[in-house]
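In case you want the letters, here they are:
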Number of protein chains: 2
Amino acid sequence: MPHQNLEIKILDCTLRDGGYYTNWDFDKDLVKIYFESFNKLPVEYLELGYRSNPMKSYLGEYFYCPPYVLENAKALSNKKLVVILNEKDIRAEDVPDLLSPCVGYLDMVRIAIDPKNFKRALVLAQAVKKLGFEVGFNVMYMSLWEQEKEFLKQIKDVHGIVDYFYMVDSFGGVYPEEVKKTYELVRNQTDVKIGFHGHNNLEMGLINTLTAIECGAAMVDTTVTGMGRGAGNLSTELLLTSLNSKGLIDLDFNALSKVVDPFSKMQNEYGWGTNLPYMVSGAHSLPQKDVMEWVTKRYYSLNSIIRALSNQSQGIKDN
Amino acid sequence: MPHQNLEIKILDCTLRDGGYYTNWDFDKDLVKIYFESFNKLPVEYLELGYRSNPMKSYLGEYFYCPPYVLENAKALSNKKLVVILNEKDIRAEDVPDLLSPCVGYLDMVRIAIDPKNFKRALVLAQAVKKLGFEVGFNVMYMSLWEQEKEFLKQIKDVHGIVDYFYMVDSFGGVYPEEVKKTYELVRNQTDVKIGFHGHNNLEMGLINTLTAIECGAAMVDTTVTGMGRGAGNLSTELLLTSLNSKGLIDLDFNALSKVVDPFSKMQNEYGWGTNLPYMVSGAHSLPQKDVMEWVTKRYYSLNSIIRALSNQSQGIKDN
């Protein structure tokens, strides 16, 4: 194992988060390069994709992670393997059928949660924990948590159920000061390990993640080339390069280059990464997909979006 | 003038810094869009390009900024106009011929300086100041200043000669803590106004610039879409969007979009922005052009570059 002066664990969720662009199908050779490269990198967990009940329209292999996908991953990878569930789509009674086939392949199951559904998520989490997995809570919309009074009171109930409590910067508008405040907000309620998943709308991915690490975060997310919806995530290569230059991890740059190259080519094709509409959505806690749509379909100019927001916050009706 | 709660001045140097890709020639219509858009944006200074003695190979209009270029800018723009000189190429005796034609067009002349040549730069600055321009010092390699003992003693001599003393993150490897330390280093020597020019190798452009502003910086640089050599700069649209979302400036997003669009297209073509080799060069204070060349021409792998650096710092000869 590479020498590490670092307690923080890194979770790479390229296939899960990036699957948005490829409908969660990935080329077999690309996946092989991915696993083989990461075997040489100081990243502990790889999140492969989702587990889900069947959806109406077609979704690819990494949206369902059927057993053959898990077997392939287990055969190729020496890392801990993870999938994520969308809490809004999964009920506790689905869990035995959905997750029993994953026993022996996966180390962790994460759950993407809207704070409004926290209580329900805890019930789901208990069902998941029963099967012996580590449980991660990816709690979304961290920039709005201060107003979610019910949720704040429920945080302490994660004790004994949840292994990693993640702050997710869903809108990509958080700055380092807010990372610190939110970390404290959680830490004041529970001793559970805290994680951070940043987005790069304001190019705050790295500094926010380093700040979370300084606060004491136990795990942080990255994706290769930041692959992810819209503005995307903190890129794995940026975090690893930064931590290596600070003397905190050893790093095989050749292995890193090997996995970055094919995803860079895909980035030229699919075009993830921030841009002005994503900066605006991030800075104003708006769904980035909506802002991008309004602007590209010429429904609204950015000026009218901002004006409507400003009117809204001043209680003026939108015209 | 747009309402501003903000004392900081912003200098956009897209044409000067981005000219690297276009050999300092720009399409006439693009330049028109640039000036007209910026007339509506809360940016105080526009740096057009260089003034230079004739160079051996061809360089375009914005490398020499001849009078007709300055006249065109003055006619189209309501902003303060700036050019920059490379200190290593200009002697004090060149200044009357080089800069007298600029009187009445330019408000400021900046000088890009290696700290090792600081004393000589002060002589050049005095010649520039005599013509009535504001003088900016863009002092490079801020991450290395602590070791430049002669330079540190000379900083105080800027008094009465230099109007803006810029910290330039030449390698793009600086973090917010270093911005604060370097700011203090300068402030301890002089009361002169301090500026900051960041690079985006580690995607630290925005947070470093916001940190400089918090310290008390009087002026900061940006370029549209971060256009600039290699990893490029803090993008104008990101800084303006961030400051606007904090309630510090009014912002005409339509004008901003209008100037961002054509430069975004150029970005797809020329490909500025960070990547793994630029992250490595930034994190290790190496010239980014060299690292990119070594890697792309397959002279050296990133591993061997890092190993050589590590050997070097441990006093082991490179093999």
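### Digging into helix H11 (residues 253–270) of chain B
Item 1. The end-to-end C-alpha distance of H11(B), which contains 18 residues, comes to 25 Å, matching closely the 26 Å that a straight helix rising 1.5 Å per residue would cover.
Item 2. Along its length, H11(B) reaches its greatest deviation from straightness, about 30 degrees, at Asp261(B), and the proline Pro262(B) lies no more than four positions downstream.
Item 3. For H11(B), every residue scored as buried is listed here: Phe253(B), Ala255(B), Leu256(B), Ser257(B), Val259(B), Val260(B), Phe263(B) and Met266(B).
Item 4. Structurally, H11(B) contributes buried residues whose contacts are with helix H12 (276–283) and helix H14 (302–313) of chain A together with helix H1 (14–22), helix H2 (28–38) and helix H10 (236–245) of chain B.
Item 5. In this structure Asp252(B) caps H11(B), since a side-chain oxygen of it lies 3.0 Å from the backbone nitrogen of Asn254(B).

### Concerning the sheet that holds strand S7 (residues 193–197) of chain B
Residue and element names in this part refer to chain B.
Item 1. Here we have eight strands rolled up into a closed barrel, ordered S1-S2-S3-S4-S5-S6-S7-S8, and parallel in their pairing. Neighbour to neighbour, the strand axes of the sheet diverge by 25 degrees on average, direction disregarded.
Item 2. By the bridge criterion, five bridges tie strand S3 (residues 80–86) to strand S4 (residues 108–113) in an arrangement that is parallel. The partner of Asn-86 across the bridge, within S4, is Ala-112.
Item 3. Those strands touched by helix H6 (residues 118–130) are S3, S4, strand S5 (134–139) and strand S6 (164–168), and its axis lies near 160 degrees from that of S5.
Item 4. Packed onto the sheet, helix H9 (residues 205–215) meets S6, S7 and strand S8 (219–222) and runs at close to 175 degrees relative to S7.

### Regarding the interface of chain B and chain A
Item 1. Listed by partner, the interface residues are 34 residues for chain B and 34 residues for chain A.
Item 2. Summed over both partners, the interface of chain B with chain A comes to about 2,700 Å²; 66% of that surface belongs to carbon and sulfur atoms.
Item 3. Per-residue buried area on chain B facing chain A is highest for Glu203(B), Phe253(B) and Leu276(B); these three make up 21% of the total on that side.
Item 4. Applying the counting criterion to the chain B and chain A interface returns 10 residue pairs in polar contact (both at pLDDT 80 or more).
Item 5. No other element matches H10(B), which puts six residues into the side of chain B that touches chain A.

### Topic: the environment of Leu124(A)
Residue and element names in this part refer to chain A.
Item 1. Secondary-structure assignment places Leu-124 in helix H6 (residues 118–130).
Item 2. Accessibility expressed as a relative area gives 1% for Leu-124, which makes it buried.
Item 3. The spatial distance from the C-alpha of Leu-124 to the C-alpha of Phe-165 is 15 Å, given a sequence separation of 41 residues.
Item 4. If we ignore the near neighbours within four places in the chain, the residues touching Leu-124 are Glu-87, Ile-90, Arg-91, Ala-92, Val-95 and Ile-111.

### A short note on the pattern of salt bridges
Residues and elements named next belong to chain B.
Item 1. For the structure on display, the rule yields 24 salt bridges over all chains.
Item 2. Its salt-bridge partner being Glu-47, residue Arg-16 comes within 2.7 Å of it at the nearest N-O pair. Of this pair, Arg-16 sits in helix H1 while Glu-47 is found in strand S2 (residues 45–50), placing the two residues 31 residues apart along the sequence. Of the two residues, Arg-16 and Glu-47, neither departs from the other in class, the shared state being buried.

### A look at the relation of the copies chain B and chain A
Item 1. Each copy superposes on the other: chain B lies on chain A with an RMSD of 0.0 Å after a rotation of 180 degrees and an axial shift of 0.0 Å. Taken together, the rotation and translation describe the operation of a two-fold axis. If distances are taken from each C-alpha of chain B to the rotation axis, the shortest is found for Glu203(B), at 3.0 Å.
Item 2. Comparing interface residues between copies, 100% of those in chain B also lie at the interface in chain A; the contact surface is shared.

### Some words on unusual backbone geometry
Item 1. Of note, the phi angle at Ser285(A) is positive, near 50 degrees, even though the residue is not glycine.
Item 2. Inspection of the secondary structure puts Ser285(A) in the loop between H12 and helix H13 (288–296).
Item 3. Unusually for a residue other than glycine, Thr225(B) sits at a positive phi of about 55 degrees.
Item 4. Looking at the secondary structure, you find Thr225(B) in the loop between S8 and H10.
Item 5. A residue is classified by how much of its surface remains accessible, and Thr225(B), at 8% relative accessible area, is buried.

### Structural notes on the sheet that holds strand S5 (residues 134–139) of chain A
All names here are of chain A.
Item 1. One closed barrel holds the eight strands; their spatial order is S1-S2-S3-S4-S5-S6-S7-S8, and the pairing between them is parallel. Here the average twist between neighbouring strands, direction ignored, is 25 degrees.
Item 2. Pairing analysis gives four bridges linking strand S1 (residues 9–12) to strand S8 (residues 219–222), with the strands arranged parallel. Following the sheet pairing, Lys-9 is matched in S8 by Met-219.
Item 3. Each of S1 and strand S2 (45–50) touches helix H2 (residues 28–38); the most contacted strand, S2, lies at about 155 degrees to it.
Item 4. Packing against the sheet, helix H8 (residues 176–187) makes contact with strand S6 (164–168) and strand S7 (193–197), and its axis sits at approximately 150 degrees to S7.

### Digging into the packing of H9(B) against H10(B)
Residues and elements named next belong to chain B.
Item 1. One way to put it is that H9 packs onto H10 with a least axis distance of 10 Å and a crossing angle of 55 degrees. When the interaxial angle is binned, H9 and H10 end up oblique. Remark: the crossing between H9 and H10 carries right-handed chirality. Of the residues in H10, those in contact with Leu-206, Thr-209 and Leu-210 of H9 are Leu-238, Leu-239, Ser-242 and Leu-243.
Item 2. Its residues assigned to classes, the contact of H9 with H10 comprises five nonpolar, two polar and no charged.

### What about helix H9 (residues 205–215) of chain A?
Residue and element names in this part refer to chain A.
Item 1. In terms of residue burial, H9 counts as a mostly covered element, since nine of its 11 residues are buried.
Item 2. Buried within H9 we find Gly-205, Leu-206, Ile-207, Asn-208, Thr-209, Leu-210, Thr-211, Ala-212 and Ile-213.
Item 3. Once H9 ends, the next one or two residues include Gly-216, with phi positive near 125 degrees.

### Remarks on the packing of aromatic side chains
Residue and element names in this part refer to chain A.
Item 1. Scanning the model with the defined rule gives 38 aromatic pairs over all chains in all.
Item 2. Summarising the aromatic geometry, the rings of Phe-26 and Tyr-62 are spaced 5.7 Å apart at their centres and angled 75 degrees between planes, so their arrangement reads as edge-to-face. Within this pair, whereas Phe-26 is found in the loop between helix H1 (14–22) and H2, its partner Tyr-62 is found in helix H3 (residues 61–64), the two being separated by 36 residues in sequence.
Item 3. What makes Phe-26 buried here is its relative accessible area of 8%.
Item 4. Here the aromatic rings of Phe-118 and Phe-165 are separated by 6.0 Å at their centres, their planes lie at 50 degrees, and the arrangement is tilted. Of this pair, Phe-118 sits in helix H6 while Phe-165 sits in strand S6, and the two are 47 residues apart along the sequence. You'll find Phe-118 and Phe-165 in the same group, each marked buried.
Item 5. In this structure an aromatic cluster arises from ring pairing among Phe-118, Phe-137, Trp-145, Phe-151 and Phe-165.
Item 6. When the ring centre of Tyr-166 is taken as origin, the NZ or CZ atom of Arg-110, which lies over that ring, is 4.7 Å away.

### Observations regarding the pairing of S5(A)
Residue and element names in this part refer to chain A.
Item 1. Along S5, six of the six residues are buried, which leaves the element largely enclosed by surrounding structure.
Item 2. Of the two faces of S5, both are covered, the one formed by Glu-134, Gly-136 and Asn-138 as well as the one formed by Val-135, Phe-137 and Val-139.
Item 3. Direction of pairing for strand S4 (residues 108–113) relative to S5: parallel, over a ladder of six bridges. Looking across to S5, one finds that Ala-112 is bridged to Asn-138.
Item 4. Handedness of the crossover joining S4 and S5 through H6: right-handed.
Item 5. Summarising the sheet, S5 and S6 pair through four bridges and their orientation is parallel. Paired with Asn-138 across the two strands is Tyr-166, which belongs to S6.
Item 6. Once you follow S5 into helix H7 (residues 149–154) and on to S6, the crossover reads as right-handed.

Definitions and limits used
- Residues numbered from 1 in each chain as written.
- Chains lettered and ligands numbered in written order.
- Predicted model: local features only at pLDDT ≥ 70, side-chain atom pairs only at ≥ 80, totals over all residues.
- Heavy atoms only, no water.
- Helix = DSSP H or I, 4+ residues; strand = E, 2+ residues; numbered from the N terminus.
- Expected span 1.5 Å × (residues − 1).
- Bend = angle between axes of the 7 residues up to and from the residue.
- Buried < 20%, exposed > 50% of the residue type's maximum accessible area, 1.4 Å probe, protein only.
- Contact = heavy atoms within 4.5 Å.
- Polar contact = N/O pair within 3.5 Å; in protein donor to acceptor, adjacent residues only side chain to side chain.
- Pairing = 2+ DSSP bridges.
- Axes fitted to C-alpha atoms, helices over the stretch in contact; angles between N-to-C directions.
- Buried area = accessible area lost by both parts, 1.4 Å probe.
- Salt bridge = Lys/Arg side-chain N within 4 Å of Asp/Glu carboxyl O.
- Least-squares fit on C-alpha atoms with pLDDT ≥ 70 in both.
- Parallel < 35°, antiparallel > 145°, perpendicular 65-115°, else oblique.
- Left-handed = near helix turned anticlockwise from the far one by under 90°.
- Nonpolar A, V, L, I, M, F, W, Y, C, P; charged D, E, K, R; others polar.
- Phe/Tyr/Trp six-rings, centres within 6.5 Å; stacked < 30°, edge-to-face > 60°.
- Lys NZ or Arg CZ within 6 Å of the ring centre and 35° of its normal.
- Right-handed = clockwise from strand over helix to strand, strands pointing away.

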